[in-house]
Each structure stands twice: as C-alpha cells, then as structure tokens.
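Residue strings, one per chain:
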Amino acid sequence: MTDTSAQLDTLLAENRRFPPTPEFSAAANAQPGIYADGEHSQAFWADQARKLDWIQPWSSVLEWQEPHAKWFVGGKLNAAANCLDRHVAGGKGGRTALIWEGEPGDQRILTYRQLADEVGKAANALRGLGVSKGDRVAIYMPLIPEAAVAMLACARIGAVHSVVFGGFSAESLRDRINDAQAVALITADGGYRRGGVVPLKQFADEALADCPSIRSVLVVRRHADGESIGSAAMQQGRDHWWHEALAGQPAGADAEPMDSEDMLFILYTSGTTGKPKGIVHTTGGYLTQAAATTRYVFDLKDEDVFWCTADIGWVTGHSYVVYGPLAIGATVVMYEGAPDWPERDRFWSLIAKHGVTVFYTAPTAIRAFMKWGTDHPARHDLSRLRLLGSVGEPINPEAWMWYREHIGGKRCPIVDTWWQTETGGIMITPLPGITATKPGSCTIPFPGITPELVDNEGNVMQKGGGFLTLTQPWPGMLRTIYGDDERYRQTYWSRFPGRYFAGDGAKLDEDGYWWVLGRVDDVLNVAGHRIGTMEVESALVDHPAVAEAAVVGKAHELKGQALSAFVTLKDGREPSDQLKLELREHVAKKIGAIARPDDVIFSADLPKTRSGKIMRRLLKDIAEGRALGDTTTLADPKVVAALKDKYEELEG
Ligand code: PRX
C-alpha cells in the first residue's frame, strides 16, 4: 500500500483531467441537476423506483434501523416481469435483448419476446419440479443464455437463486448449496474454456454426493455445431435435461408478486474467515439501484449495444449483464469464453462484429491487453465504442491511459466504478456526461450515495488517506448474511460504530475525488476477484502434510495480486517440489483455480508475535522482496531471516 500512495501522490501533482465533450454531455442520460436531486436521497431513489413496474405501490420509501434497512416498504413487484414483460407489453418485444457468442464461435440472438418465452417455460419447468417461492436454487453454469434464463426463471417464481461461478470447484459448490439448503440445481453438461470443455455436470455430481437438500437437477445440453459437447451421467428421478423439461411447457407463467423486501438472490463472497458469506439481496431496492446506475453510468440508449465482460457468477454479472440492463430494456452482449481464444484479439473482434458501443471490463483484463500489445485492438474497427468502464480493483493510471487511447480512441469517457458484492450496485463513479475524470480515481459518489472517509478512530476526514465507510443506507445494500445475522453485524457494522465499513482503504483529494487503495483486511484481490486468505489457509491445512499455513498477497503485474503461501509441514513430512505442486492443486480442487497459490514456501516456523499472531505484514515483505519492516514484536526474529533466505533462493 505504501507504493500505491507514493504513486498516487505524484499523479495528484500532475493532475490530468478529462472532462466530457460538449456533444457527449448534451446527449447524456444524466444531466447536472441529478446531483442536486441526489441530495434528497429518499426522494431521488423513490423517483428511480417509480421507473419500474410495481404490482402494488410502497407505503414508505425507507425504514432504517441500523444495521437493517427496508426499502419501498409494502411495495410488490417481480424482477423478471420488470426485465421482460413490460418491454414486450410496451412494444419492444422485437428488440434484441441478448447477443450471445460461444467460445467456439456459435451464436444466438434472443429478442425480448424470445427471452421472455424461454423464461416462462423455464419457470413452469421449475414449478413442475416442485420449486416454489422462497426456495433456494443453485445455478452452476457456463456463460450461455440459459444462465440468464435460469436466473430470471427463479425470479419469476420467487425462488432465490444462488449462482456459483462455473470456475469454482465441486467442494465450493457443495458448501454453497449446503449453506443455502438449495432444493434444486441448474447446471450444464459442460462449457468451453480456452478450447477445452469444463465438465460441469461431473463436478456437480461430485458436489451432490454430499448435498441432501437437493431434490432436482436441471442439466442444459451445451451444443456447438449441432453436437452436444459433454456427456452427463443422469441420475434417474433427480436429473432432468433442461430441453426436455422445457419442451411442451407454455411460455406464459404467472409472475409471483414479490414483496419489495423478499429475497431475490444470495451470492457468496470471500471474507476474512474461511467460510464464504452468503450475501443476501432483496428485490425492490436492488433492482432500483441496478437499473438507475445502468441508465446513468452507462448512459444506455435504444441504439446502444452494451457488453459487460463479467461472468454471471460474480455480482457484476448479476447487476450489469442481467438485472440492470434488462430492466431498462437494453441490448447486451454475452461471451462464453476466454479473451485470448483462439487469438488475443477475441474481445476486439467481438466488439467489431456485434457493434458494441459501451464496454465494461476489469483492470486485470486491461493489463493483460496492454501486455499483449496494441496490434490486436488496432486490427479491428472499434469506432462504434463511445463509452468505457472499469470495475473490480483500482485501475493504475498507466492502464487507464492505455485503455483510453488504444481502446477508446481518445474519444470515449471512462467510468471507473467502485462498488462491491455487498453494495449490489455502483456506488462511486463518474457520470460520463458530467464528471471530469482523473486516471486512477473512481471520482465522486453516485447521486443518493454518501460515503465518508474516516481515520483509524472513526473520525471523519475531509481529505487524505483513511477508510471508506457509508453511514446512510442505500437501496441495493445487502440485507444480511444468509443464516447469520450476527456475522453481518460483526463484519460490516462493528469496526466503526454507526458505519458500514467496506474493507477498503481510500484517499480523498482536494476536489473530493475518491482514490480507492485496496483492501485493508485479510482479503486479497486476485484478478478482480476477492479471495479470503483464511479460505486458502484452511484449504492448505486440510492437506494431510500441512501443520500450519499463512497466505499473503504479493503484487503481480497482471493479476494485481497473486497468492504466496508459507507452509509449515507436520513432523516427518519432507518438503519437495512434488509436494509444492500437490499443495497448489489441493487448493485449486478445494476452492477453484483462481485461488491456486503462485508460490509455496516451506518453512520450519512462521513469524509470530509474542501473542501468537502470524505476522502477515512481514511475510508480505518477504514475498515482495522488500527490506523487512519492524520486527521488534516478533517472538523469534531468526524465523524471518531464515524465511527471507529461502525466498531469495527461490526467486534467484
Ligand atoms: O476492494 C474493492 C474492489 O473490489 C472489492 C469488491 O469486490 P467484489 O465484491 O468481488 O465486487 C467486485 C465488483 C463490484 C472492493 O471492496 N473494487 C471494486 N471496484 C473497484 C475496486 N477497487 C478500486 N476501484 C474500483 N473501481
């Protein structure tokens, strides 16, 4: 973090600014008055909520009893009906909702009417399997249209979806299904990744061996070139092919009237302990914020084609592939595969082919594109792009400038959007027709959002470096942690009394612009994905050879952070390269490939304070090859010296 602040200081002195062009400003969805409106937060959000279709109006906008918020109390609506039916009813049924491309190049385009019909059939199929309002349904899928259909079908019948990223392991899937006590799973026989087939159903079967709550499984057959790509052993009575279950179902399915505060979905995210947290989002407030931020931050108009590259397994995919854009009737692009398959220009070829006008991706991807070189984007016609976005981690100014020049042709504004799984929607962001941007800053709060910077004691700071907190509830905020409200209070509301603390360190400059510096807790950000060090440590200790493990993040050119694992073996177990590999694979199997440590360093001891706490800061210094900081509180300084030698040996 020291390095980052130094970099930011220099940058601030330089103070590059990029105001929007008058043409962009004149046509933008958000006009300057929006900030004044946002000062009356409840009235602002109520205006936004009124843009949705409500089955029954709310009686009060907000009931707030810290840390529990209720938005649009008493109102009833259905999220799927808002994303589909109202557009069809409003004469937009023929409009393109989804432009999908599979990794092998297969394509499907669905209009709003077609998507609504698919969702209706899937909703009926789910009801036929006995799934009803309030039931939890796990979704473990590749990025294919059926993934969005499955989410919306759940929403239609009032079932709560819990999407588990298709890159997660069988064990991660199992834990999430069991925590939510899901009654059904929707998966696919396989999906494509870098030319290979990921056998999702096989992983699901491994998970389901230990998931007694699951009664039914729907399996999508992933086709390419008319051929089914995977094979799935179907368990009679439990497993059903999606296409068979949907065949013969009517397209019309009643949309369940949901209370504004009824659960829409659970999404698991990493925390500082080993157990993932089931973040609970409800219906009215979440949809209001997702829709409003999509409208104003991405400035979508009828003629736009919006591509948010996130997988639906992450919150970004929930809010900006599915709910936000569909709620406002936009056209979205969905791509199943990797950015470098078959070539490193796949994204640019997709943008050119489908006429993408607004593109939203992550800094980790942008850094990879920079590394791959400018020839790839230069070969393609990116001239229809008019707005770019970034999310997931701080974007380094150099990457921001590259993005602006080589992808945006110096004409597209960039919206660097700060938010979290917990916030449900974008919180701090430029509005593209209003805000002058500075490379590396997510700029200012979205209207109706009031972040505050505090110091270590919780005193409010007007500028400088501190902790990013929120004092007022916002519509898309998480309502609790599924099944563990006490953990919700502890995790988010106890560090600074009266404040939601997001886990991020940040800086406020003299213009009131926010610069998010990164996590200050034991959570790492690897390639834009949150990984709790404890989760990885637990996975390591689960291996029979391991006595103790400490995992730290080290700066990584592409991923932002990479994992270094320091491991103490049980007596009688010998370090070896073979064991290193085994441990890396063990973590990948327990959590998923994104958590696989880059380095494994064996050590007879780990540096601890006299009270027995592992000193991660020292390990991080070692992993990043820095001179060691203060070691005076260390129980046994020799441990660190020995580790440092080891690490240098490894690097050398
Ligand atoms: O550390 C912040 C970082 O990502 C964290 C949230 O991760 P997750 O819940 O997985 O959601 C990611 C997508 C919303 C935050 O606590 N983060 C996200 N966006 C930014 C960011 N850091 C800096 N700048 C951003 N624009």
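Residues numbered from 1 in each chain as written. Predicted model: local features only at pLDDT ≥ 70, side-chain atom pairs only at ≥ 80, totals over all residues. Heavy atoms only, no water.

### A short note on the domain arrangement of the chain
Then step 1. In terms of domains, the chain is made up of domain 1 (3–490) and domain 2 (523–651).
Then step 2. Summarising the inter-unit geometry, the C-alpha centres of domain 1 and domain 2 are found 32 Å apart.
Then step 3. With 26 residues of domain 1 at the contact, the number on the domain 2 side is 23 residues.
Then step 4. With both chains or domains summed, domain 1 and domain 2 bury close to 1900 Å², and 46% of this area falls on carbon and sulfur atoms.
Then step 5. On the domain 1 side of the interface with domain 2, the three residues burying the most area are Glu171, Ser270 and Trp314, jointly 25% of the side's total.
Then step 6. The tally of links between domain 1 and domain 2 comes to three salt bridges.
Then step 7. Two residues, Glu171 and Lys590, come together in a salt bridge whose shortest N-O distance is 2.6 Å.
Then step 8. On inspection of domain 1 and its partner domain 2, the count reaches 13 residue pairs in polar contact (both at pLDDT 80 or more).
Then step 9. Secondary-structure elements contributing two or more residues to the side of domain 1 that touches domain 2 are helix 8 (170–180) and helix 14 (363–372). (Domains from an automatic or database assignment. Contact = heavy atoms within 4.5 Å. Buried area = accessible area lost by both parts, 1.4 Å probe. Salt bridge = Lys/Arg side-chain N within 4 Å of Asp/Glu carboxyl O. Polar contact = N/O pair within 3.5 Å; in protein donor to acceptor, adjacent residues only side chain to side chain. Helix = DSSP H or I, 4+ residues; strand = E, 2+ residues; numbered from the N terminus.)

### A look at unusual backbone geometry
Then step 1. Cis geometry marks the peptide bond from Glu66 to Pro67; its omega dihedral reads 0°.
Then step 2. In this fold, Pro67 is placed in the loop between strand 1 (60–65) and strand 2 (68–73).
Then step 3. Notably, Thr443 is not glycine yet its phi reads approximately 65°, a positive angle.
Then step 4. As for its position among the elements, Thr443 is in the loop between strand 22 (414–416) and strand 23 (451–454).

### Regarding helix 12 (residues 315–327)
Then step 1. In terms of burial, helix 12 is largely enclosed, as 13 of its 13 residues are buried.
Then step 2. Residue Gly329 follows helix 12 closely and has a positive phi angle near 75°. (Buried < 20%, exposed > 50% of the residue type's maximum accessible area, 1.4 Å probe, protein only.)

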